[in-house]
Every structure is written in C-alpha cells, then in structure tokens.
Amino acid sequence: DNSKNGVPLRYVEPPEARKSPVRWRLYLFKPGEDKETAIIKIHKGTRYFFGKDRRVVDIPTDHPTCSKQHAVLQYRLVKGTVKPYLIDLESTNGTLLNGSKLESARFYELREGDVFRFGKSTRESGCSMC
C-alpha cells in the first residue's frame, strides 16, 4: 500500500533506501534574515516528504507555488555509502538546487552546504551534518 492517511503517494521508496548513519540537519531560512528560522533533524528516517498536503508531508512548504507532494529527500545506499538525495516529484513549479532547476523524477546528491528552494518560494533550505 503506497498511501499515507488514505492519500496515494506520488513516490515509492527505492530498494536502496537506508537510514543515514550521519546526523543531518535541515536549516530553513527566510529571505532577508541572517539567522535560520528553524532547524529540523533529518537523520531518523529514510526519506522526508516536502509539500503542501499536511496529511502526507513531513516538512510543509506552505507557499502557493508549491505542489501538494513537491519533493522528497531520500537517503540511498550507493557504492557502499548512504548519502542524501533530492528528487522533484514532477511538481508544477519545480525545485531549485543551488540556483539550478532540477530535472523532475531524477535523484540529485546533496552535499554539505547545498541550498534548495521549492516552486517560486523565496524561503531556502540548507543541509548540514552535525
């Protein structure tokens, strides 16, 4: 069953999904502010959903240009190492990683200090290990 709270999910976890041995954190920033508005621990699960539909997402993106199920941060075991990846779920307004628009339905490896945005929102998210 690929649903949560009765809502069909637009994403199926891949067989290489794993929990990260590294304690990653997600930093949320509002434009024009020097300090993060929130810090979210993102190392306890294998994946984290971003989007507007609070029935299914782990991290809400309450901007009108964000899709209900916008993107997923997925930990994957690739070449013997578990790393975080970001995938856009064919959202209407896309996902930006370090200022470049991601191709939908494709995994992009995230690295320490990467910054991503959803839709036309000016709020940014950044990844960091601790």
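Note: the structure precedes this text.
The model shown is predicted, which means the values in this text are computed figures rather than measured ones.

K.L.:
Sorry if this is basic, but what is going on with the pairing of strand E12 (residues 115–118) here?
P.N.:
The two faces of the sheet receive side chains in turn, since in a regular strand these alternate between them. Of the two faces of E12, the one holding Phe116 and Phe118 is buried and the one holding Val115 and Arg117 is not buried anywhere. Note: strand E9 (residues 95–97) against E12, three bridges, orientation antiparallel. Looking across to E12, one finds that Thr95 is bridged to Phe118. Relative to strand E13 (residues 124–129), E12 is paired through two bridges, and the arrangement is antiparallel. Note on E13: the bridge partner recorded for Phe116 is Ser125.

K.L.:
Please explain the packing of aromatic side chains as it appears in this structure.
P.N.:
To describe a pair of aromatic rings, you give the distance between the ring centres and the angle between the ring planes. Scanning all chains against the criterion turns up five aromatic pairs. Taking the centre distance of 6.1 Å and the plane angle of 85 degrees together, the rings of Tyr11 and Phe49 count as edge-to-face. With Tyr11 in the loop between strand E2 (7–8) and strand E3 (24–29) and Phe49 in strand E5 (residues 47–51), this residue pair connects regions lying 38 residues apart in the sequence. Each member of the pair Tyr11 and Phe49 is classed as buried. Here Phe50 and Phe116 contribute two aromatic rings whose centre-to-centre distance is 5.9 Å and whose plane-to-plane angle is 80 degrees, an arrangement assigned as edge-to-face. Of this pair, Phe50 sits in strand E5 while Phe116 is found in strand E12, placing the two residues 66 residues apart along the sequence.

K.L.:
For this particular structure, what's the right way to read the side chain of Ser67?
P.N.:
Within the element layout of this structure, Ser67 appears in the loop between strand E6 (59–60) and strand E7 (71–78). According to the relative accessible area criterion, Ser67 is buried, its value standing at 10%. Beyond its immediate stretch of four places on either side in the chain, Ser67 contacts Gly51, Lys52, Ser91 and Thr92.

K.L.:
So what exactly am I meant to see when it comes to the pattern of salt bridges here?
P.N.:
Side-chain pairing between opposite charges can occur once the charged atoms of the two side chains come close. If you walk through the whole model with that rule in mind, you get eight salt bridges. Here Glu90 and Arg10 are joined by a salt bridge, their closest N and O atoms 4.0 Å apart. Taken as a pair, Glu90 in the loop between strand E8 (81–88) and E9 and Arg10 in the loop between E2 and E3 lie far apart in primary sequence, 80 residues in all. Using a relative accessible area of 51% as the deciding quantity, one classes Glu90 as exposed. Given a relative accessible area of 45%, Arg10 falls into the partly exposed group. Salt-bridge contacts for Arg111 lead to Glu109; the nearest nitrogen and oxygen are separated by 3.8 Å. Linked by salt bridges that have partners in common, Lys4, Arg47 and Asp58 make up one network.

What counts as what
Residues numbered from 1 in each chain as written. Predicted model: local features only at pLDDT ≥ 70, side-chain atom pairs only at ≥ 80, totals over all residues. Heavy atoms only, no water. Buried < 20%, exposed > 50% of the residue type's maximum accessible area, 1.4 Å probe, protein only. Helix = DSSP H or I, 4+ residues; strand = E, 2+ residues; numbered from the N terminus. Pairing = 2+ DSSP bridges. Phe/Tyr/Trp six-rings, centres within 6.5 Å; stacked < 30°, edge-to-face > 60°. Contact = heavy atoms within 4.5 Å. Salt bridge = Lys/Arg side-chain N within 4 Å of Asp/Glu carboxyl O.

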